[in-house]
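Notes for the structure review
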Amino acid sequence: MELINEVLKIDTFLTVTLGIIVLFVGKRVNESFGFLQEYSIPEPVTGGLIFSIVWTILYFVSGISIEFNMEARDVLLVYFFTTIGINANFSDLLRGGKMLLLLVVLTVVYMLMQNFIGIGVASLFDQPKEVGLIGGTISLIGGHGTAIAWAPSLSENYGITNAMEIGVACATFGLILASSIGGPIAKYLIKRHQLKPQESEPLDVGVADSKQKQTITYISFLNAI
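This is a predicted model, so every value here is computed, not measured.

**As for helix α3 (residues 43-62)**
In a regular helix each residue adds 1.5 Å, so 20 residues correspond to 28 Å; α3 covers 29 Å between its end C-alpha atoms and thus fits that length. Three or more residues of α3 are buried, namely V45, T46, G47 and F51. At its buried positions, α3 is contacted by α1 (12-32), α2 (34-38) and α8 (163-193). Downstream of α3 by a residue or two, G63 has a phi angle that is positive, lying close to 80 degrees.

**Let's talk about the layout of surface pockets**
Roughly 1900 Å³ of volume is contained in the largest pocket. Around the largest pocket sit 39 residues that line it, and G19, M70, H144, V168 and T172 are the ones nearest its centre. Those elements that place two or more of their residues in the lining of the largest pocket are α1, α3, β3 (65-68), α4 (71-83), α7 (143-158) and α8. At 8 residues, the largest contribution of residues to the lining of the largest pocket is made by α3. In the lining of the largest pocket, the residues fall into 25 nonpolar, 11 polar and 3 charged.

**Here we look at the confidence of the model for the chain**
Overall, the prediction assigns the chain a mean pLDDT of 81, with 88% of residues at 70 or greater. A low-confidence stretch, residues 214-225 (pLDDT under 50), is modelled with 3 contacts involving residues beyond four sequence positions or located in other chains.

**Focus: the nonpolar core**
Within the largest apolar cluster, 9 residues are counted, these being A122, V131, I134, I138, A147, A151, L154, I160 and A163. Those elements giving two or more residues to this core turn out to be α6 (129-140) and α7.

**A closer look at the sheet that holds strand β1 (residues 2-4)**
Pairing within the open sheet is mixed, and its 3 strands lie in the order β1-β2-β3. This sheet does not close on itself; its edge strands, each paired only once, are β1 and β3. Shown here is a sheet whose adjacent strand axes are inclined to one another by a mean of 30 degrees, direction ignored. In this sheet, strand β2 (residues 7-10) lies alongside β1 in antiparallel orientation, the contact comprising 3 bridges.

**Comments concerning the environment of P44**
Mapped onto the fold, P44 is located in helix α3. Given the relative accessible area of 49%, P44 is considered partly exposed. A C-alpha to C-alpha distance of 8.5 Å links P44 and V25, two positions 19 residues apart in sequence.

Conventions we followed
- Residues numbered from 1 in each chain as written.
- Predicted model: local features only at pLDDT ≥ 70, side-chain atom pairs only at ≥ 80, totals over all residues.
- Heavy atoms only, no water.
- Helix = DSSP H or I, 4+ residues; strand = E, 2+ residues; numbered from the N terminus.
- Expected span 1.5 Å × (residues − 1).
- Buried < 20%, exposed > 50% of the residue type's maximum accessible area, 1.4 Å probe, protein only.
- Contact = heavy atoms within 4.5 Å.
- 1 Å grid on protein atoms, 1.4 Å probe; cavity = no way out; pocket = protein on both sides within 12 Å on 5 of 7 lines; lining within 4 Å.
- Points joined across faces, edges and corners; volume = space filled by probe spheres on them.
- Nonpolar A, V, L, I, M, F, W, Y, C, P; charged D, E, K, R; others polar.
- pLDDT = per-residue confidence, 0-100.
- Core = buried A, V, L, I, M, F, W, Y, C linked by side-chain atoms within 4.5 Å.
- Pairing = 2+ DSSP bridges.
- Axes fitted to C-alpha atoms, helices over the stretch in contact; angles between N-to-C directions.

What follows is the structure, encoded as structure tokens:
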């Protein structure tokens, strides 16, 4: 880590370490404030927002910007794309039935809407149509990984030199807005329609290890009775 021309350069190791710390901070904050769990706000979003505010205050107070070395990102993206569908299988798709088919149709429709809206907004600001695609399904459906993966191609073939920055920014805004809005809407719909699962299973995501073990132990005790 070194300071050059009011730019604090963070090396690869410290960048990854800070990413882990951001995740842990988000996890601890979510555990401390029940409404964050109640509305299903992801831990990385919570931690990321906190640290984004800290970095912003640091910049306005000191004038020092921060530049992270992202070399490890490309390697981690390979692992991400390799393992993201490792548990997927056709039997799960078949069990989805009509509801899954409806979800797929709606997803495709909204993907087209995203692209048309993105191209329209880009045109309003006299930007290339490809910029609208970056702000459409590439970043909003594909996320950060897809936006970063397509950035070199868009830069070389269409001359959009800041394709990566646009894609990452759009993916970040999309992730934060979806996470902040999706949880409350889902909770409202569940309460309004009194939705209940057919089978109750112990939670293994978003629950502290101690609480998870207590839940599993309690369920095992009931089954034994």
